[in-house]
Number of protein chains: 4
Amino acid sequence: MVFFRNDYGQGCIEPVMKLLIESNDQSNPGYGEDNYSKKAAEILQSKFPDTPADIQFVVSGTLTNISVIRHLLKHYQAVISCDTAHIYIHEAGAIEAAGHKIIPVPHANGKLTAAAVERLIQDIENRISFLLVPKLVYISNTTEMGTVYTRKELEELHAVCQKYNLYMFIDGARMGTALMSGVDYTLNDLAKWCDVFTIGATKNGALFGEAVCITNPELKNYFRFSQKQSGAILAKGWLIGLQFIGLFENDDFYRCAKHANDMAREIQNEIIKLGYPLYMKSNTNLTFVVLNEIQYQYLKERVDFEIWSRWDNDYIIRLVSSWHTKPDEVEYLKVYLQEAMAKSIQAQTIQEEVEEITTAVTKI
Amino acid sequence: MVFFRNDYGQGCIEPVMKLLIESNDQSNPGYGEDNYSKKAAEILQSKFPDTPADIQFVVSGTLTNISVIRHLLKHYQAVISCDTAHIYIHEAGAIEAAGHKIIPVPHANGKLTAAAVERLIQDIENRISFLLVPKLVYISNTTEMGTVYTRKELEELHAVCQKYNLYMFIDGARMGTALMSGVDYTLNDLAKWCDVFTIGATKNGALFGEAVCITNPELKNYFRFSQKQSGAILAKGWLIGLQFIGLFENDDFYRCAKHANDMAREIQNEIIKLGYPLYMKSNTNLTFVVLNEIQYQYLKERVDFEIWSRWDNDYIIRLVSSWHTKPDEVEYLKVYLQEAMAKSIQAQTIQEEVEEITTAVTKI
Amino acid sequence: MVFFRNDYGQGCIEPVMKLLIESNDQSNPGYGEDNYSKKAAEILQSKFPDTPADIQFVVSGTLTNISVIRHLLKHYQAVISCDTAHIYIHEAGAIEAAGHKIIPVPHANGKLTAAAVERLIQDIENRISFLLVPKLVYISNTTEMGTVYTRKELEELHAVCQKYNLYMFIDGARMGTALMSGVDYTLNDLAKWCDVFTIGATKNGALFGEAVCITNPELKNYFRFSQKQSGAILAKGWLIGLQFIGLFENDDFYRCAKHANDMAREIQNEIIKLGYPLYMKSNTNLTFVVLNEIQYQYLKERVDFEIWSRWDNDYIIRLVSSWHTKPDEVEYLKVYLQEAMAKSIQAQTIQEEVEEITTAVTKI
Amino acid sequence: MVFFRNDYGQGCIEPVMKLLIESNDQSNPGYGEDNYSKKAAEILQSKFPDTPADIQFVVSGTLTNISVIRHLLKHYQAVISCDTAHIYIHEAGAIEAAGHKIIPVPHANGKLTAAAVERLIQDIENRISFLLVPKLVYISNTTEMGTVYTRKELEELHAVCQKYNLYMFIDGARMGTALMSGVDYTLNDLAKWCDVFTIGATKNGALFGEAVCITNPELKNYFRFSQKQSGAILAKGWLIGLQFIGLFENDDFYRCAKHANDMAREIQNEIIKLGYPLYMKSNTNLTFVVLNEIQYQYLKERVDFEIWSRWDNDYIIRLVSSWHTKPDEVEYLKVYLQEAMAKSIQAQTIQEEVEEITTAVTKI
């Protein structure tokens, strides 16, 4: 069984573990007021020097979204996201539980477009849609579909947010793979396009941890209270700080993300070569393939993956590579994909022959 | 200007006003613990004798939805409604503000179908959709589109709720027109198909007031606390009780609803006769017509109505009749509709002639 | 049975009823966008001309508190009130249900003092009290105990709010009796000391209705969305507007409040004369008396009142006069109070005699 | 500087770190559906075999309280805790942010008593207190003041909960020190007295982690959804599971707690011997001492501790020992305490002499 289920299925990279072990006997102030967290914030800030941020650390992604959105919005304000966003479909109603409606907008390749935001705002202003006050545009980059926003798309989203006085929040749970996917922008650019963004460590080499970077000066104050109220401050907060040090001190964060993307590209190329339909073209570590029943049955015995959705009788499955994926595992996967395709073609050929014979027999 | 903007644009029927005046100098216990409210509850209960209910009175519709849904659900539970439901689009995120996600399901003629509910539940169980626990099926009858659920549709919804252990809540803000639209069921039937339903007075002859009828014994306790916590108990609660007495004592409630439907039928017939496209065929007091620019401009100077939506360059408008609509007003409306159509046809003819001439000229 | 249970036990004054009847057949836009509401807002604004306000109308007091507090606060912010405030003890957790902690501070005569606010803030800043961000100071004037804030007290509260950047919200559910209690300030003064205040009609001559006056310019926008989201907008919103016109057009609001206070003063004087202990000295229409068992049993058969609390074996009861209280009723109440006292003295005398005899007998 | 600031200031015990290292390269299912979590649950369950529980793991204490309370309560239900409970004062309004009022009841030695619960319920039923529906009794054991509930106290609380149909939730963030404080009950007893309890690892040898044990069968279902909605499920959930294995496999959990208590006893004995006033007699690892200014100034340069509160000019400080506290550190602390006391006595003597001389001089 080779593991392509997700990018949070193993522990952490060595430099992170090393720091965990080294720090284990030290005494540290709690709740993120320690020196590791301070140093981690400085290192992160150095990656986007043009935009001073308040940087805080949170254990997990859902908690990050809850505490950021609760921090930004007043009760009467709503969130705009695309309909494939995990805050809309995969977080058990966590944002609504915090009191805010998420207005879903149809995605384009897993992405939210400025045009879709503009259309929604116009419809609301013309009173021919939701009676609501949208205030926050939420996107994830890398998206849940493995796609990545281009510079132009982000600039347009930034512009539409400016135009309508909306906050923009970039969920970077998979920021690493986005930045290493060949885009022509860096964290330093991205920081200018939004009011808050996050950098995810959980899926890229750490045991856990998300860094929340608040760049809008009006939103910096009191975030720690929003965090505390959401249960999003770890008692031994230095554990997150030191993991970010471990990831960024020697740019392992980028190396890990690049590796995950490289592995995925190889997989995706093989998939294309073999003639499997891709559900969506991905530039990062998430690959969505369509399998028929035979292929699915063959692969599920050999590969650990998630079913993303059904398409009539077919399966859309998600194959995820990560910092931890080994070239060997990719080789195995490629072999299994070849065999599954072969089996499926063979089955089809037999079926066609049977049908031919049946037809022939019928004619007699 | 004739008024077809909504069914809550005037005061109340005479018997209601009479009771308001009569009771004005009496002393009554507050917060709905008065004799008017008791008597009103008894009269309502007599309309569905087979299903003993806890009946409480709330000032308005949004408050009713907030307090009922907050009462029924635990935090982790979600609501299923169709995507045209006003709780989904027109209540400013009130249900989400109370902490609950509303999962929108595509409507069929403004209605939620049992099949759509079943599909959603299956998808969630198969983990290929929302990660959530739906618990409450919300429908409005009459729907926001003026359509009415058939006996079969309600029985199927009831069955699917039983099958998956879901609550069913029927919002009867326009229950009167639903019951008087020619359906083969009564309140006594309807009460059996759900856990809670409401009977709206605001839109059918009273100044304000919704009756909440809780039929599921497990949900009866503590509703008054949910009400109080939602701000949904009126200090002078007898004011709602007596209005329901005024509406139901001599069945004016049914008479008012029938009148509203009758007026609407006449309007709708004229619309069909004149060849306007109907956006949706309605059986009740809401009529949705599609107007072109010329028709729209002509009518908006003469008729008070709401734009429901835009369709490219056309307007979908809503014409609403009510207990208060006078036959005269309908006659005026019919004339205006005729004139608008004539103007529009004339304009089109002229345009066609111009085009013809232009073409002729071009050919020369 | 004479009625001294509360100040919301009867309908409305004649000018209000007159407008209700007159307007009954008119057509009006819904949701408070009507001309009555506009005119009512203008009349109210003319009472505090120095401070331009956004004035909106809400059906009831709890709804007012919910929608105002939800409108003002971000999630992480808390409310300071005194421990006798009804938002703290009598609204079923409505404010907490909206997500905000109320920090109770010990009252002084039913009032919150600037000193108590300052002490709390200091303790929180020194981290030796709640870990929280208080942002809103809530007071009611008249208080729940019938006492009234002096000019000096309000100025001090205003100053402490300015000092610590807190909002101040004055709940005026009984604003009328406060203003007519002999204070040396008017609405025009009061409007300057706070960010929001309300003027209550329910308890002073109307069927229902509270006017929310938002004076802080930063808080004016979007209040109608907060209202809608809280279910606090009435469909037939003109019904509240016209009641405020009826109350304020000829200053009946002030006349009603003065009458209620006058009646209460007479009652309180009698109580003092008869030697009943007052639980708290009141300047308005609420009187809190301590009764022993005999007095209580005698009165409860003749007077409709509320028990406020118990004190060992004694009862603290609340006697409330209102715009509707008739001099006759006060006369009856006075007689009952005299009789109850006489009965109680007589019983005590007998008991003393019995004890004397018993002692005498024992000695033999 | 010796560290007595808290019991979450260092990493984890060796067996925990060992498992972290060992598991680092393995692949595991996410969100707590791994074998470590399963095994950890089994080990924990074996400690209270009489009461089958649903056992889930949460990262932190505040998150545990949020997700448990959100899971248990319907919107209209409230929590009873004593006024020293951290959910009431130290969690930034997290429970109220989830929509629930906490009714504070005066503590007795940091504990909630059955009598206090009964009194509150009676007052509410008699309508002379909060208008509310309390449903959940919350206690922490060990309490925030270092005291521990006796068997009798817990049995009485259990009985009052049964009597009034209340849930009982025991927050065991410091369960270890409670169980090792010499009480005559075990986890197996305690599990029978409540509906939910937790076992805290963060403060007793692990990096982080709380085990939620739901024993009431009606409350077991769907807890994982409440967790997810609260952001309380860790992606790499096995990290918590394995820490509990590390703590419980060889009963290090008990050994750690005993050690913390032993260290505290030695400190407390010294404090008593030296004549410092104890703020509260503790049986566990938390010691609250009263210091005057001189003592405080002397100690704060040498010992890392928290100020708990002020008492006029004195300081109440908290000294916390833990699994990590070394006998050496305790020795240092004892010496500092002796020196601080000596300094303070010396200063007092000098002051008295000065006063004496001043008096003598004045007399001349």
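This text follows the structure it describes.
Residues numbered from 1 in each chain as written. Chains lettered and ligands numbered in written order. Predicted model: local features only at pLDDT ≥ 70, side-chain atom pairs only at ≥ 80, totals over all residues. Heavy atoms only, no water.

**Student:** Which residues make up the nonpolar core, and what values go with them?
**Tutor:** Generally speaking, nonpolar side chains in soluble globular proteins are found buried as a group. Among the nonpolar cores identified, the biggest contains 388 residues, and Phe 197 of chain A, Phe 197 of chain B, Phe 197 of chain C together with Phe 197 of chain D are the most heavily contacted of them. The residues touching Phe 197 of chain B, leaving out its near neighbours within four places in the chain, are Phe 48, Ile 170, Met 175, Leu 187, Leu 190, Ala 191, Ala 211, Val 212, Cys 213 and Thr 215 of chain B. (Core = buried A, V, L, I, M, F, W, Y, C linked by side-chain atoms within 4.5 Å. Buried < 20%, exposed > 50% of the residue type's maximum accessible area, 1.4 Å probe, protein only. Contact = heavy atoms within 4.5 Å.)

**Student:** Can you tell me about the relation of the copies chain A and chain C, naming the residues and giving the values?
**Tutor:** Of the transformation placing chain A onto chain C, the axial shift is 0.0 Å and the rotation is 180°, giving an RMSD of 0.1 Å. Seen this way, the second copy is the image of the first under a two-fold rotation axis. Minimal C-alpha distance to the rotation axis in chain A is attained by Lys 74 of chain A, lying at 2.5 Å. Both copies share a contact surface, since 100% of the interface residues of chain A are interface residues in chain C too. (Least-squares fit on C-alpha atoms with pLDDT ≥ 70 in both.)

**Student:** Hey, could you go over the interface of chain D and chain A for me, with residue numbers and the actual values?
**Tutor:** Taken together, the contact pairs 44 residues of chain D with 44 residues of chain A. Across the interface of chain D and chain A, roughly 3600 Å² is buried in total on both sides, 58% from carbon and sulfur atoms. A per-residue breakdown of the area chain D buries against chain A is headed by Tyr 8, Asn 24 and Lys 236 of chain D, which together make up 17% of the total. The interface formed by chain D and chain A contains 1 salt bridge. (Buried area = accessible area lost by both parts, 1.4 Å probe. Salt bridge = Lys/Arg side-chain N within 4 Å of Asp/Glu carboxyl O.)

**Student:** Lay out the pattern of salt bridges in plain terms, naming residues and giving numbers.
**Tutor:** A complete count under the given rule lists 82 salt bridges over all chains for this structure. Across the salt bridge formed by Lys 111 of chain C and Glu 153 of chain C, the nearest N and O atoms sit 2.9 Å from each other. In this pair, Lys 111 of chain C sits in the loop between strand 4 (102-105) and helix 6 (114-125) while Glu 153 of chain C sits in helix 7 (residues 151-163), placing the two residues 42 residues apart along the sequence. A single salt-bridge network, built from bridges that share partners, covers Arg 151, Glu 155, Asp 184 and Asp 189 of chain D. (Helix = DSSP H or I, 4+ residues; strand = E, 2+ residues; numbered from the N terminus.)

**Student:** Tell me about the environment of Glu 270 of chain B, and name the residues and values.
**Tutor:** All names here are of chain B. Looking at where Glu 270 falls in the secondary structure, it is placed in helix 12 (residues 252-274). Looking at Glu 270, the relative accessible area reads 5%, which means it is buried. Sequence spacing of Glu 270 and Leu 333 is 63 residues, and the spatial spacing of their C-alpha atoms is 9.6 Å. Contacts of Glu 270, omitting those with residues within four sequence positions, involve Lys 334 and Gln 338.

**Student:** Describe the packing of aromatic side chains, naming the residues involved and giving the relevant values.
**Tutor:** If you walk through the whole model with that rule in mind, you get 70 aromatic pairs over all chains. Taking the centre distance of 5.9 Å and the plane angle of 90° together, the rings of Phe 248 of chain A and Tyr 254 of chain A count as edge-to-face. Owing to a relative accessible area of 1%, Phe 248 of chain A belongs among the buried residues under this scheme. Both rings, one in Phe 288 of chain B and one in Trp 308 of chain B, keep their centres 5.3 Å apart while their planes meet at 70°; by these two values the pair is edge-to-face. (Phe/Tyr/Trp six-rings, centres within 6.5 Å; stacked < 30°, edge-to-face > 60°.)

**Student:** Describe the interface of chain A and chain C, naming the residues involved and giving the relevant values.
**Tutor:** In many analyses, interface size is given as the accessible surface area lost on bringing the parts together. Listed per partner, the contact involves 21 residues of chain A and 21 residues of chain C. Together chain A and chain C conceal approximately 1900 Å² of surface at their shared face, both sides included; 59% is due to carbon and sulfur atoms. Contact with chain C buries area across many residues of chain A, yet Lys 74, His 75 and Tyr 76 of chain A alone supply 39% of it, more than any other trio. For the pair chain A and chain C, the number of links is 0 salt bridges. In this assembly, chain A and chain C are joined by 6 residue pairs in polar contact (both at pLDDT 80 or more). Every element with two or more residues in the side of chain A that touches chain C is listed here: helix 3 (61-72) and helix 10 (223-229) of chain A. Counting residues per element, the side of chain A that touches chain C draws most heavily on helix 10 of chain A, at 4 residues. (Polar contact = N/O pair within 3.5 Å; in protein donor to acceptor, adjacent residues only side chain to side chain.)

**Student:** An account of the layout of surface pockets is needed here, citing residue identities and associated values.
**Tutor:** By rolling a water-sized probe across the atoms, one finds the places where empty space is left. Residue and element names in this part refer to chain C. Considered as a void within the structure, the second largest pocket measures approximately 220 Å³ in volume. Lining the second largest pocket are 16 residues; nearest its centre among them are Gly 32, Glu 33, Ser 37, Gln 56 and Arg 224. For the lining of the second largest pocket, the secondary structure elements donating two or more residues are helix 2 (35-47), strand 2 (54-58) and helix 11 (223-229). Of the residues in the lining of the second largest pocket, the class split is 7 nonpolar, 5 polar and 4 charged. (1 Å grid on protein atoms, 1.4 Å probe; cavity = no way out; pocket = protein on both sides within 12 Å on 5 of 7 lines; lining within 4 Å. Points joined across faces, edges and corners; volume = space filled by probe spheres on them. Nonpolar A, V, L, I, M, F, W, Y, C, P; charged D, E, K, R; others polar.)

**Student:** How would you explain the packing of helix 13 (residues 252-274) of chain C against helix 15 (residues 327-363) of chain C if you had to name every residue and give the values?
**Tutor:** All names here are of chain C. Viewed as axis vectors pointing N to C, helix 13 and helix 15 meet at an angle of 15°, and their least axial separation amounts to 10 Å. Considering their axes alone, helix 13 and helix 15 lie roughly parallel with respect to each other. Crossing handedness for the pair helix 13 and helix 15: right-handed. Judged by residue contacts, Met 263, Glu 266, Ile 267, Glu 270, Ile 271 and Leu 274 of helix 13 engage Pro 327, Val 330, Glu 331, Leu 333, Lys 334, Leu 337, Gln 338 and Met 341 from helix 15. Residues of the contact of helix 13 with helix 15, tallied by class, amount to 9 nonpolar, 1 polar and 4 charged. (Axes fitted to C-alpha atoms, helices over the stretch in contact; angles between N-to-C directions. Parallel < 35°, antiparallel > 145°, perpendicular 65-115°, else oblique. Left-handed = near helix turned anticlockwise from the far one by under 90°.)

**Student:** Please give an account of empty space enclosed by the protein that cites residues and values.
**Tutor:** Under the defined criterion, the tally for this structure stands at 15 cavities of 30 Å³ or more. For the largest cavity, the calculated volume is near 570 Å³. What lines the largest cavity is a set of 36 residues, among which Ala 97 of chain A, Ala 97 of chain B, Ala 97 and Ala 98 of chain C together with Ala 97 of chain D lie closest to the centre. Put simply, the parts of the chain that give the lining of the largest cavity at least two residues each are helix 3 and helix 5 (94-97) of chain A, helix 3 (61-72) and helix 5 (94-97) of chain B, helix 3 (61-72) and helix 5 (94-97) of chain C together with helix 3 (61-72) and helix 5 (94-97) of chain D. Within the lining of the largest cavity, the residues separate by chemical class into 16 nonpolar, 16 polar and 4 charged. Taken as a whole, the second largest cavity encloses approximately 70 Å³ of empty space. The wall of the second largest cavity is formed by Tyr 31, Gly 32, Ser 37, Gln 56, Phe 57, Arg 224, Gln 227, Ile 233, Leu 234, Gly 237 and Ile 240 of chain D. Looking at the lining of the second largest cavity residue by residue, the class counts come to 5 nonpolar, 5 polar and 1 charged.

**Student:** So what about the sheet that holds strand 6 (residues 167-171) of chain D? Which residues, and what values?
**Tutor:** Residue and element names in this part refer to chain D. Taking strand neighbours across the sheet as the criterion, the 7 strands line up as 2-8-7-6-5-3-4 in an open arrangement whose pairing is mixed. A single partner strand is all that each edge strand has here, and the edge strands are strand 2 (54-58) and strand 4 (102-105). With direction set aside, neighbouring strand axes in the sheet form an average angle of 20°. As paired elements, strand 7 (residues 196-200) and strand 8 (residues 210-214) share 5 bridges and run antiparallel to each other. Looking at the pairing, Thr 198 lines up with Val 212 of strand 8. (Pairing = 2+ DSSP bridges.)

**Student:** Any details on the pairing of strand 5 (residues 133-140) of chain C? Residues and values, ideally.
**Tutor:** All names here are of chain C. For strand 5, a buried count of 8 out of 8 residues is recorded, marking the element as mostly surrounded by other parts of the structure. In this structure, strand 3 (residues 77-82) lies alongside strand 5, joined through 4 bridges in parallel fashion. Across the sheet, the residue bridging to Ala 78 is Pro 134, located in strand 5. Regarding the hand of the β-α-β motif, the stretch spanning strand 5, helix 7 and strand 6 (residues 167-171) is right-handed. (Right-handed = clockwise from strand over helix to strand, strands pointing away.)

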